[in-house]
Amino acid sequence: MSKVVEISPTTRHEGHSKLVLKVNDAGIIEKGNWCSITPVRGVEKLAVGKTPEQVPKIASRVCGICPIAHNLAGTEAMEASIKCEIPNDAKLLRHILQLANRAHSIALHNILLLPDYYIPGTETKINPFTPEEPVRSVAKRIQRIREIGQTIGQIAAGDCIHPRNTRVGGMYRNVSEQAKTKMYDLAKEGLTLAHQQAEFMIAVIRNYHNRDFVDVGGMKVPMPKTLGYHNQGYLATHAFYGSSSLDECPSWDIRRFKEARPYDWYMGEMEVTLEEPKYPIGGTTKLGTKTNPQMEACTGIPMYDGQPVEVGPRARLVTYKNYDEKGTAGQNIARQMEYQDCFYEMIDCLDELNPNGKVVADYIPDGDGSLGWASNEAPRGTDVHIARVKDWKVQYYSMLVPTTWNFATCSAALTGAPWQLAEVIMRGYDPCVSCATHMIVVDEENRLVAQKLIQ
Amino acid sequence: MGAELGKYKSCVSARTTDKEILKFSQDGGIVTSLFGFALDTGIIDGAIVAANKEFYEKNPSKCILDNSNFEMIEPWRPIPAVVNTKAELLAAAGTKYNISPNVALLKEATRAFGLDKIGIVGTPCQMQAVRKAQLYPIGFRDVGASIALAVGIFCMENFPYQGILQLVEDHAAMKLDAVKKMEIGKGKFWVYGKRGQVVSLPLKVTHKYEQPGCHVCLDYVANLGDISTGSVGSPDGWSTVFVRSKIGDSVWAKAMAAGVFETQPIEKVKPGLELVTKLANEKITKNKKTLEGRATFGVGKALRNPYI
Amino acid sequence: MADKITVGYTHLSGCTGCTVALADNYGGLLTLLDKYVDLKYMPTLADARHIQKVDVSFVEGSVCINDKLAVEEIKETREKSAVVVALGGCACYGNITRFGRGGQQNQPQHEAYLPIGDLIKVDVYIPGCAPTPQMIRNVAVMAYLLLKGTKEQKDLATKFLTPLMKATETTSACFCDLMVKVINQSLCMGCGSCAAACPVNAITMEYGKPQGERDLCIKCGACYNQCPRAWYSFDVVDNYEAINEAIMAALQ
């Protein structure tokens, strides 16, 4: 007989979400729903009537870990709509900013993941904040990588956490020769640390997934070899940056995209029939509580070719390099493998950057209402912003956010896993739930609407 | 020393030993020499100063990005800029008696300019802004620890640009373009023309043009600079220098050891600290009255008092 | 000062940028946790899932008053905390959530967001979007001294925190504050602090006075709070050197 257990709120990720899990007698998930319970701030709706300069700055505030993704995708969607090409040096600054943010974000996610893992060779779980070694050195290295990423980002973008230097048409300022040198120095240091940290994390991740059993709140839980497996497929639009409707060969196809409401994909009203007070910390939801993912979920369900897909580091590695490791282990390892290129690619961009180059387009049109879209490969995956700008006012704005793509995919990946490891599977997606809760949902006549969007 | 001069470790009358700087400087060339020395020795890697129209034309990317700064920049309007070399310092040297929002570049200095050790010169209120930004860095992330040398200049009051324009072009009957230097001293406002003429206006005439926001300021000698300096108290061509903080002390000592300045004890010069104290007290007394007046400005209605 | 203060962190409708700003104290975050802070509740970083009774709660984000859980959480935070600190523009003043007006799937009825000070009494503000790591550090150290310090330290902390406590009297912010409360009051002296502080480059200095692009302003409150003529304490700022040194020493 199936029982229903709910973990609410979920922890060690950005935002508020919950897991509603139908499990069998052995505690294995038959069907799981992972859904956002973050209130919907409605950034798409509030954008209508505002200037294309202000909207990307507001969109940046959708997330404080990957604000760069939203700010850049938003700015570039506006530029795509008004058909404004930006100078190359502005592009390079944006690339540098993107890579710097990714480095800090991977490192931050390391902090969020580590408490699940063991110090290899021991039965001790990792507390990233302990002053004891060997963990303290790792924590310091993580924070140093983050400092390097945030500092480089701050130089290119004018401020941390939300970019200040970006604008429609390019950037407000180029950086000085001195600033370029500083970024070089930091990037070189970051590269060394990125190698060390990636190696450490991959070893820890492998160690964890090779175990037969892991501990969750004092419960001994079997570790399946296929933890987090799904066959929903992958979506990525660039190895590290993105694409836009201004590209000669855009790598995202708006016609393959559809949206559904949670009604199609999530479970309806249920009652919690399994409670586990030992679940760390504070237990799972009390017996008898009513829960209704269809109604409570705060996001829609985006699909590519009619199915949810996975976006993120693994999706990028699969799409561009035929990476082939599945499951939660594969995802987290793929993420660590993105560490080094944050700095390799950044150094290449710095090589090319001319501090005396102009960074604002000569002519910035007011817009004629054409549809433009831009994708940004955020740390968590493909972030597509769609915009229409006419006479310097935004007529339409939509954000298809990485974690929104991943909600239904992760839900599918929950099937077959012990329920106590559901959060472990979820964290493999590096969830950013405040971001995700911003999708506009198109109705059943989505084909028509999609065509209308494209006109 | 009463509170009107702020806290200081030492006070001297000083003049730069660099003849080239003396050619361009307002008085003793203290600010230019200090920043020049600090840049040379790596104490700072850039300084925020009030530059001018000529500097902007050559180095637009080093200046503030504002709408009033385009091709038609007026003569003698100061434009905040980041300078990195002695040549740039000289190009920006000299006092401009109107508002230069130097603090507006303080955050950008660590961003697009990539500075780690910032020098900044400013009026007493700007020093207050800098220290508030260090204690309460609400909008100044990762800036406070990078302020390596803040030099304050004495200030009785500042003027909006239009005020100086009218003083020079109406009252002194000169074109701003033809002005080589302006100075306030000995109870007068002096305008020196490029062709050698000198016009002086009684200070009384300048009062109407003062920036009203200055009338609640209780700081004459930039109490919060690492080093503060001004012409008052010292003979012509020399400046009075207060060394105030640990940073100020360290930088001044190094500069002295390197022979950057020649000094005289302030007790030995005329008009000396008495004049500085007198003027400081005049400003503070006058402005305290203004502050008090604000409390009963309307009928049963007060103007706001920013001081907690 | 051997014992720690207990701290909770309630995350409402914010973007987690304030959390990142806290974490951007880098090694300083580790020191704060080692020496001064016993973190009891912060679901982003650790597994405690329910609000705990604590000395100080930081609250990030505004409250969606159409979301039952959010309203319960802010009330519970106030009940269970001796001191509540509104962290960041959204919690203090609404910030970008002021622009929210609902109508979006899957919860089109989520249309009204209020800063937390409109629902509970707030003790201290840390404005900014994002607030800066150093501001969070300074307030955290001062809060610690206020609760656990010697009489002298408590006095210093009180003086330091007073303007941030008085700021809680207002729950909305905008560039217009600079016009209404500074320029129109004949207090602006053209230093440029506001232009530097603005996180979206909405303020330029034109002939020495601030020009705000009101269609770009996100209403975060940074410009006004940074302005030396908005609020200024001679007692505190005159002692900047000693206070800076004390804060640095605390984080050794």
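Quick notes on the rules
Residues numbered from 1 in each chain as written. Chains lettered and ligands numbered in written order. Predicted model: local features only at pLDDT ≥ 70, side-chain atom pairs only at ≥ 80, totals over all residues. Helix = DSSP H or I, 4+ residues; strand = E, 2+ residues; numbered from the N terminus. Rg over C-alpha atoms; globule rule 2.2 N^0.38 Å. Buried ≥ 20, exposed ≤ 12 C-beta atoms within 10 Å, placed from the backbone. Contact = placed C-beta atoms within 7 Å. Nonpolar A, V, L, I, M, F, W, Y, C, P; charged D, E, K, R; others polar. Domains from an automatic or database assignment. Pairing = 2+ DSSP bridges. Axes fitted to C-alpha atoms, helices over the stretch in contact; angles between N-to-C directions. Expected span 1.5 Å × (residues − 1). pLDDT = per-residue confidence, 0-100. Core = buried A, V, L, I, M, F, W, Y, C linked by C-beta atoms within 7 Å. Parallel < 35°, antiparallel > 145°, perpendicular 65-115°, else oblique. Arc of directions from axis to C-beta. Left-handed = near helix turned anticlockwise from the far one by under 90°.

**Q** Please explain the overall build of chain C as it appears in this structure.
**A** When helices and strands are tallied, chain C shows 11 helices and 9 strands. Taken over C-alpha atoms, the radius of gyration comes to 18 Å for chain C, in line with the 18 Å a tight globule of 252 residues would show. In terms of principal-axis extent, the alpha carbons of chain C reach across some 55 × 50 × 30 Å. Counting over 252 residues, chain C shows a buried share of 61%. Look at the contacts in chain C between residues 6 or more apart in sequence, and 76% of them connect residues 24 or more apart.

**Q** I'm lost on the interface of chain C and chain B in this one. Help?
**A** Accessible area lost during the coming together of the parts is what is often quoted as the interface size. Contacts between the two partners involve 47 residues from chain C and, on the opposite side, 46 residues from chain B. Listed by contribution, the elements that provide at least two residues to the side of chain C that touches chain B are helix 5 (133-148), helix 6 (151-166), helix 8 (193-197), strand 8 (203-206), helix 9 (222-226), helix 10 (234-237) and helix 11 (240-250) of chain C. Looking at the side of chain C that touches chain B residue by residue, the class counts come to 25 nonpolar, 17 polar and 5 charged.

**Q** Would you mind showing me how to read the domain arrangement of chain C here?
**A** Residue and element names in this part refer to chain C. Domain parsing of chain C yields domain 1 (5-171 + 240-250) and domain 2 (176-226). At the interface, 11 residues of domain 1 touch 7 residues of domain 2. By residue class, the composition of the side of domain 1 that touches domain 2 is 6 nonpolar, 4 polar and 1 charged.

**Q** Just checking my understanding: could you explain unusual backbone geometry for this structure?
**A** Most of the time, phi is negative for any residue but glycine, and the peptide bond is trans. A cis amide bond links Ser8(A) to the next residue, Pro9(A), at an omega of -5°. Going from Glu133(A) to Pro134(A), the amide bond is cis rather than trans, its omega being 5°. Following the sequence through the fold, Pro134(A) ends up in the loop between helix 4 (88-113) and helix 5 (135-157). Look at Ala222(B): it is not a glycine, yet its phi comes out positive at around 50°. Turning to its location among the elements, Ala222(B) is positioned in the loop between helix 7 (203-206) and strand 9 (227-230).

**Q** Just checking my understanding: could you explain the interface of chain B and chain A for this structure?
**A** With 9 residues of chain B at the contact, the number on the chain A side is 14 residues. Residues that form the side of chain B that touches chain A fall into these classes: 3 nonpolar, 2 polar and 4 charged.

**Q** What is the right way to look at the sheet that holds strand 2 (residues 17-23) of chain A in this model?
**A** In a beta sheet, neighbouring strands pair by backbone hydrogen bonds and run either parallel or antiparallel. Residue and element names in this part refer to chain A. Pairing is antiparallel in the open sheet, where 3 strands are placed in the order 1-2-3. Here the strands that pair on one side only, and so sit at the sheet edges, are strand 1 (3-7) and strand 3 (29-36). Strand after strand, the sheet turns through a mean of 15° between neighbouring axes, direction not considered. Direction of pairing for strand 2 relative to strand 3: antiparallel, over a ladder of 7 bridges. Paired with Ser17 across the bridge in strand 3 is Ser36. Packed onto the sheet, helix 12 (residues 402-414) meets strand 2 and strand 3 and runs at close to 155° relative to strand 3.

**Q** What should I look at first to understand the pairing of strand 13 (residues 368-378) of chain A in this one?
**A** Regular strands have side chains that alternate between both faces of the sheet. All names here are of chain A. Across 3 bridges, the pairing between strand 8 (residues 242-244) and strand 13 is antiparallel. Residue pairing for strand 13: Ser244 is matched across the bridge by Ala374. Bridge count for strand 13 against strand 14 (residues 381-390) is 9 bridges, and the pairing is antiparallel. Considered in strand 14, the bridge of Ala374 is made with His385. Between strand 13 and strand 14, which follow one another and run antiparallel, lie 2 residues.

**Q** Help me understand helix 9 (residues 272-295) of chain B in this model?
**A** Every α-helix carries 3.6 residues per turn, so stepping three or four residues along brings you back to the same face. Residues and elements named next belong to chain B. Compared with an ideal rise of 1.5 Å per residue, which puts 24 residues at 34 Å, helix 9 spans 36 Å between its outermost C-alpha atoms and is within 8% of the ideal. What helix 9 keeps buried is the set Leu273, Val276, Ala280 and Lys283. Looking at the buried side of helix 9, the elements it contacts are strand 1 (10-16) and strand 10 (239-243).

**Q** Would you take a moment to explain the confidence of the model for chain A for this structure?
**A** The predicted coordinates of low-pLDDT regions are not to be read in fine detail. Of the residues in chain A, 96% reach a pLDDT of 70 or more, and the chain-wide mean stands at 93. In this model, residues 439-455 of chain A is a region of pLDDT below 50 whose contacts with residues beyond four sequence positions or in other chains number 30 contacts.

**Q** In this structure, what is going on with the environment of Lys180(B)? I would like to understand it.
**A** Residue and element names in this part refer to chain B. Note on placement: Lys180 falls in strand 6 (residues 179-185). With 13 C-beta atoms packed within 10 Å, Lys180 lands in the partly exposed category. Not counting residues up to four positions away in its chain, the partners in contact with Lys180 are Tyr192, Gly193 and Lys194.

**Q** Looking at this structure, how should I read the nonpolar core?
**A** Generally speaking, soluble globular proteins have nonpolar side chains that are buried together. In this structure, Ile96(A), Ala103(A), Ala422(A) and Leu106(B) are the most contacted members of the largest nonpolar core, which totals 300 residues. Other than its neighbours up to four places away in sequence, Ala422(A) contacts Ile7(A), Leu19(A), Leu21(A), Ile29(A), Gly32(A), Leu414(A) and Ala417(A). With 13 residues, the next largest nonpolar core counts Leu167(B), Val168(B), Val179(B) and Met182(B) among its residues.

**Q** Quick question: what am I supposed to make of the sheet that holds strand 9 of chain B here?
**A** Residue and element names in this part refer to chain B. A sheet is described by the order of its strands in space; here 8 strands give the open sequence 3-2-4-5-9-10-1-11, paired in mixed fashion. In this open sheet, the two edge strands, each paired with only one partner strand, are strand 3 (79-83) and strand 11 (261-265). Between one strand axis and the next, the sheet turns by 30° as a mean value, whatever way the strands run. The sheet contact formed by strand 2 (residues 46-51) and strand 4 (residues 118-122) spans 3 bridges and is parallel. Considered in strand 4, the bridge of Ala47 is made with Gly119. The strands touched by helix 5 (residues 124-135) within the sheet are strand 4 and strand 5 (147-153), with strand 5 carrying the most contacts at an inclination of about 155°.

**Q** Sorry, what's going on with the environment of Met426(A) here?
**A** Residue and element names in this part refer to chain A. With respect to the helices, strands and loops of the structure, Met426 is situated in helix 13 (residues 422-427). In this structure Met426 comes out as buried when scored by C-beta crowding, with 27 C-beta atoms within 10 Å. For the pair Met426 and His13, spaced 413 residues apart in the sequence, the C-alpha separation amounts to 9.0 Å. Those residues in contact with Met426, other than ones at most four positions away along the chain, are Thr10, Leu19, Trp34, Cys410 and Pro431.

**Q** Please explain the confidence of the model for chain C as it appears in this structure.
**A** Per-residue pLDDT for chain C averages 96, and the proportion of residues at 70 or more is 99%. Under the prediction, the complex receives an ipTM of 0.97, its pTM being 0.95.

**Q** I tried to follow the packing of helix 9 (residues 313-321) of chain A against helix 10 (residues 327-337) of chain A on my own but got confused; where do I start?
**A** Geometry of a packed helix pair, given as the angle between the helix axes and the separation of the axes. Residue and element names in this part refer to chain A. One can describe the packing of helix 9 onto helix 10 by two numbers: an axis separation of 7 Å at closest approach and a directional angle of 80°. Taken together, helix 9 and helix 10 sit at an angle that is classed as roughly perpendicular. Residues Pro313, Arg314 and Leu317 of helix 9 form the contact with helix 10, whose own contacting residues are Gly330, Gln331, Ala334, Arg335 and Met337. For the contact of helix 9 with helix 10, the class distribution of residues is 4 nonpolar, 2 polar and 2 charged.

**Q** Is there a simple way to think about helix 11 of chain C in this case?
**A** Here helix 11 of chain C has its buried residues at Tyr240(C), Ile243(C), Ile247(C) and Ala250(C). One side of helix 11 of chain C carries all its buried residues, which in axial view fall inside an arc of 100°. Facing away from the buried side of helix 11 of chain C by more than 90 degrees, the exposed set consists of Ala242(C), Glu245(C) and Ala249(C). Considering only its buried residues, helix 11 of chain C is in contact with helix 5 of chain B together with helix 5, helix 6 and helix 10 of chain C.

**Q** I keep staring at the packing of helix 6 (residues 177-209) of chain A against helix 11 (residues 339-352) of chain A and nothing clicks. Help me out?
**A** All names here are of chain A. Relative orientation of the contacting elements helix 6 and helix 11 amounts to 160°, with a least axis distance of 8 Å. The pairing of helix 6 with helix 11 is recorded here as roughly antiparallel in orientation. Helix 11 is crossed by helix 6, and the crossing has left-handed handedness. Contacts between helix 6 and helix 11 pair Lys180, Met183, Tyr184, Ala187, Gly190, Leu191, Ala194, His195, Gln197 and Ala198 from the former with Tyr339, Gln340, Cys342, Phe343, Tyr344, Met346, Ile347 and Leu350 from the latter.

**Q** Is there a simple way to think about the pairing of strand 3 (residues 54-60) of chain C in this case?
**A** All names here are of chain C. Along strand 3, 6 of the 7 residues are buried, which leaves the element largely enclosed by surrounding structure. When strand 1 (residues 5-11) meets strand 3, the two strands line up parallel, connected through 5 bridges. The residue of strand 3 that forms the bridge with Tyr9 is Phe58. Here strand 3 pairs with strand 5 (residues 81-87) via 6 bridges, running parallel. What sits directly across from Val59, in strand 5, is Ala86.

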